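Below are the chains, spelled out letter by letter.
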Amino acid sequence: MNSTFLDNSLFRNIYCYLAGGSDGCASRGYDTAILPAGFEWLAFAITAFIIINIVINAGLGAVIVYIWGERRILGRIQNRTGPNRWGPFGMFTSVADAIKTLFKEDIVPDEADRWLFNLAPILMVFPVLMVLAVIPFGVGTFVVDINVGILFVIAVTSVSGISVVLASWASGNRISIFAGMRSVAMLISYEIPMALSLIGVLMLAGSMSLGAIVEAQDLPFILVQPLGLFVFLIAAQAETSRTPFDLIEAESELAAGYLNDYSSMKFGIFFLAEFLATIVASMLIVTLFLGGWRGWDPIPSQVWFAGKTVLVLLFIMWMRFSWPRLRVDQILVLAWKGLFELTLINIFVTAILIAIWPDPGMTELLIMSVINWIVFFISVWLVSKLLRPSDYSAPTPQPNRPAYPVATDELPDEVAYTGGATR
Amino acid sequence: MLEDYFRQYGILVMFLLVAVGVPIGMLLMSWAAEFIRVRPKQTSIVKRTSYESGLRPFSPKPRLFNIRYYYYAILFVVFDVETVLLFPWAIKYGVLSKEFGLIAFFAVLVFLVVVTLGYLYAWRKGALEWTRSMEN
């Protein structure tokens, strides 16, 4: 067993309980062992399996709590009570919902492609769960800390875009197919600003490993990289298709979008994936921009991480509750003409600043953050000027022509021949 | 070192298996509930039609799609490759600029300027617009 794994407190306790006499454990005060010598690989596999199950189940449990919390807060913001019947403060409402979804009738429509129809929910939820594998939850509390962490996150989360297309296409529904096309346009458009906004973070941290990025944040990157955080926050919400950007499942336009024909547990899995993606996105924001598990000493690092995640989640909820849904052209213009430029500006400015101070200490980081905040305000103001719709000017009334259509005996020739379909 | 890699990616593969197993298990649980008569199974031909707001579906499935979606997919490929090429530079940028000075910045500046020119060209050509205004 390598020492880097024994630094991981999650791994060390279980592994050394199983194989205590092995090289690394004996020096750390573990002597009794359950498994005999020579079975270190089995101890490793069992340890990994236990930890993976703990992390995944914690994620699923967090979704249950999060759905309840969001419905309560949504109720408060909209001046109503929210769920309050089942359990104290309605706490068990989402548990009851989960059980109800389990026992609902499962309908597969005739037009659906049965295999792909069942495959889509699985493809939707597993990438979101996979991201949990690389997030450091605290000091020495992570499943695995690979050196290409961010690349892994970006690569894995892009699978869920495919699964939306798959779900909409496989259900064979006319309305769903429109949702699938929109998801192609929207999800892939926001993937680029999401990836490019992290380049500033990578330049400052000098590593892709999420653990190393947390270690590098002596000053949280929210101060040094305000543009990166701004773009990443918006792009992450679009990727998880939360309400300001939820035109994939826009109720008033597409019924339920790609979820139209799904029922029972398959619908439940999509629902789970969406809320889990929000939690995971806020965990990523905390890890990359808010200093991760770093905090002041008497409070353990895991509590710092959880507290910051709840704060970011509250902010994301607040955005969801306050803003109306954007139109499809507005969303795409925001991605391509707004966020993309902001990321380019961020890359240029950060590259110049690092070229001036290649090894920034605390003073240099503070100067950089002041410059970056000035650049942030100026560039966001400029881009908002650029994307603002042009002022509406009412057409000047023409005296000889009525503003409303009038029935005339003499239709123009082109209208008469083509039935009006001239344009 | 190599063993360390194998351990890390071994854990990731196990994570993948569990993460795929969780939704499959949930689906199987829901499917098994049918046999203990908890989950109803009363399909009818009306239930099995595609949902179309209460109407019987009468139009064929849309096979054509707007060319705009294709534009965005092409642009995505172009700029995603740019992202992939920028990532390794960004990681080593601090070290490189300490060692070689401004060369590390200008080397990528050329690349970024070319990409930005392509972006401006796409903008000028109207490839980034969802709706094209009538006068063009």
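Residues numbered from 1 in each chain as written. Chains lettered and ligands numbered in written order. Predicted model: local features only at pLDDT ≥ 70, side-chain atom pairs only at ≥ 80, totals over all residues. Heavy atoms only, no water.

Caption draft 1: Main features of the side chain of Lys337 of chain A. Mapped onto the fold, Lys337 of chain A is located in helix H16 (residues 328-356). On the basis of relative accessible area, Lys337 of chain A is assigned to the buried category, the value being 9%. When sequence neighbours within four positions are dropped, the list of residues in contact with Lys337 of chain A reads Val383, Leu386 and Leu387 of chain A together with Tyr119, Trp123, Leu128 and Glu129 of chain B. (Helix = DSSP H or I, 4+ residues; strand = E, 2+ residues; numbered from the N terminus. Buried < 20%, exposed > 50% of the residue type's maximum accessible area, 1.4 Å probe, protein only. Contact = heavy atoms within 4.5 Å.)

Caption draft 2: Region of interest: the packing of aromatic side chains. All told, the structure shown has 26 aromatic pairs over all chains when counted by the stated rule. Ring geometry for Phe230 of chain A versus Phe376 of chain A: centroids 5.6 Å apart, planes at 75°, classification edge-to-face. Here Phe230 of chain A, found in helix H12 (residues 226-239), pairs with Phe376 of chain A, found in helix H17 (residues 362-387); they are 146 residues apart in sequence, far enough to count as distant. Centre to centre, the rings of Trp336 of chain A and Phe79 of chain B are 5.8 Å apart; their planes meet at 55°, and the pair counts as tilted. With one member in each of two chains, Trp336 of chain A in helix H16 and Phe79 of chain B in helix H2 (residues 67-100) form a pair that bridges those chains. Phe79 of chain B matches Trp336 of chain A in its accessibility class, with the two residues each being buried. An aromatic cluster is built from Trp336 and Phe340 of chain A together with Tyr72, Phe79, Tyr119 and Trp123 of chain B, whose rings are joined through pairwise contacts. (Phe/Tyr/Trp six-rings, centres within 6.5 Å; stacked < 30°, edge-to-face > 60°.)

Caption draft 3: Spatial organisation of the environment of Asp246 of chain A. Residue and element names in this part refer to chain A. Following the sequence through the fold, Asp246 ends up in the loop between H12 and helix H13 (251-254). A relative accessible area of 6% places Asp246 in the buried class. Between the C-alpha atom of Asp246 and that of Leu276, which follows or precedes it by 30 residues, the distance is 16 Å. In terms of polar contacts, Asp246 uses its side chain to reach the side chain of Arg325, at 2.8 Å. (Polar contact = N/O pair within 3.5 Å; in protein donor to acceptor, adjacent residues only side chain to side chain.)

Caption draft 4: Spotlight on the layout of surface pockets. All names here are of chain A. Estimates place the volume of the largest pocket at around 940 Å³. As for the largest pocket, its lining consists of 35 residues, of which Leu326, Gln330, Leu334, Ser384 and Leu387 are closest to the centre. The set of elements that each furnish at least two residues to the lining of the largest pocket consists of H12, helix H15 (301-322), H16 and H17. Sort the elements by how many residues they give to the lining of the largest pocket and H16 lands first, with eight residues. Looking at side-chain class alone, the lining of the largest pocket contains 25 nonpolar, five polar and five charged residues. (1 Å grid on protein atoms, 1.4 Å probe; cavity = no way out; pocket = protein on both sides within 12 Å on 5 of 7 lines; lining within 4 Å. Points joined across faces, edges and corners; volume = space filled by probe spheres on them. Nonpolar A, V, L, I, M, F, W, Y, C, P; charged D, E, K, R; others polar.)

Caption draft 5: Summary view of the environment of Ile77 of chain A. As for its placement among the helices and strands, Ile77 of chain A is situated in helix H4 (residues 40-77). Overall, Ile77 of chain A belongs to the partly exposed group, its relative accessible area being 45%.

Caption draft 6: Seen up close, the environment of Leu229 of chain A. All names here are of chain A. Note on placement: Leu229 falls in helix H12. For the pair Leu229 and Val201, spaced 28 residues apart in sequence, the C-alpha to C-alpha distance is 9.5 Å. Apart from residues lying up to four places away in sequence, Leu229 is in contact with Ile222, Ile285 and Phe289.

Caption draft 7: Quick peek at the nonpolar core. Within the largest apolar cluster, 165 residues are counted, with the highest numbers of intra-cluster contacts made by Tyr190 of chain A together with Phe15 and Trp89 of chain B. A total of 17 residues in this core trace back to one element, the largest contributor, which is helix H14 (residues 264-289) of chain A. With residues up to four places along the chain from it excluded, the contact list for Trp89 of chain B reads Ile199, Met203, Ile347 and Ala351 of chain A together with Ala104 and Val108 of chain B. (Core = buried A, V, L, I, M, F, W, Y, C linked by side-chain atoms within 4.5 Å.)

Caption draft 8: Geometry of the pattern of salt bridges. For the structure shown, the criterion picks out eight salt bridges over all chains. Note that Asp97 of chain A is salt-bridged to Arg71 of chain A, the shortest N-O span being 3.2 Å. With Asp97 of chain A in helix H5 (residues 93-102) and Arg71 of chain A in helix H4, this pair connects stretches of sequence that are 26 residues apart. The exposure class assigned to Arg71 of chain A is partly exposed, which follows from its relative accessible area of 35%. Measuring nitrogen to oxygen at the nearest pair gives 2.7 Å for the salt bridge that ties Arg39 of chain B to Glu34 of chain B. Arg39 of chain B sits in the buried class, given a relative accessible area of 6%. Within the structure, one salt-bridge network assembled from shared partners comprises Glu70, Arg242 and Arg320 of chain A. (Salt bridge = Lys/Arg side-chain N within 4 Å of Asp/Glu carboxyl O.)

Caption draft 9: Spotlight on the interface of chain A and chain B. Across the contact, 92 residues belong to chain A and 71 residues belong to chain B. Of the roughly 7300 Å² buried at the junction of chain A and chain B (both faces included), carbon and sulfur atoms supply 75%. On the chain A side of the interface with chain B, the three residues burying the most area are Glu105, Arg174 and Trp336 of chain A, jointly 10% of the side's total. In this structure, the salt-bridge partner of Asp110 of chain A is Arg48 of chain B, at a minimum N-O distance of 2.9 Å. The tally of links from chain A across to chain B stands at six residue pairs in polar contact (both at pLDDT 80 or more). Elements supplying a minimum of two residues to the side of chain A that touches chain B: helix H1 (3-6), H4, helix H6 (114-131), helix H7 (149-170), helix H8 (174-197), helix H9 (199-205), H14 and H16 of chain A. Ranked by the residues each element gives to the side of chain A that touches chain B, the list is headed by H16 of chain A, at 15 residues. Each residue belonging to the side of chain A that touches chain B can be placed in one class, and the counts come to 63 nonpolar, 13 polar and 16 charged. (Buried area = accessible area lost by both parts, 1.4 Å probe.)

Caption draft 10: Local environment of the confidence of the model for chain A. Averaged over all residues, the pLDDT of chain A equals 82, while 88% of them reach at least 70. For the stretch residues 418-423 of chain A, pLDDT sits under 50, and the model shows three contacts to residues farther than four places along the chain or on other chains. (pLDDT = per-residue confidence, 0-100.)

Caption draft 11: Seen up close, the packing of H12 of chain A against H17 of chain A. Residue and element names in this part refer to chain A. Taken N-terminus to C-terminus, the directions of H12 and H17 make an angle of 45°; their axes are 8 Å apart at the nearest point. By the angle class used here, H12 and H17 are oblique. Contacts between H12 and H17 involve Pro226, Leu227 and Phe230 on the former and, on the latter, Asn372, Trp373, Val375, Phe376, Ser379 and Val380. Residues belonging to the contact of H12 with H17 are distributed by class as follows: seven nonpolar, two polar and no charged. (Axes fitted to C-alpha atoms, helices over the stretch in contact; angles between N-to-C directions. Parallel < 35°, antiparallel > 145°, perpendicular 65-115°, else oblique.)

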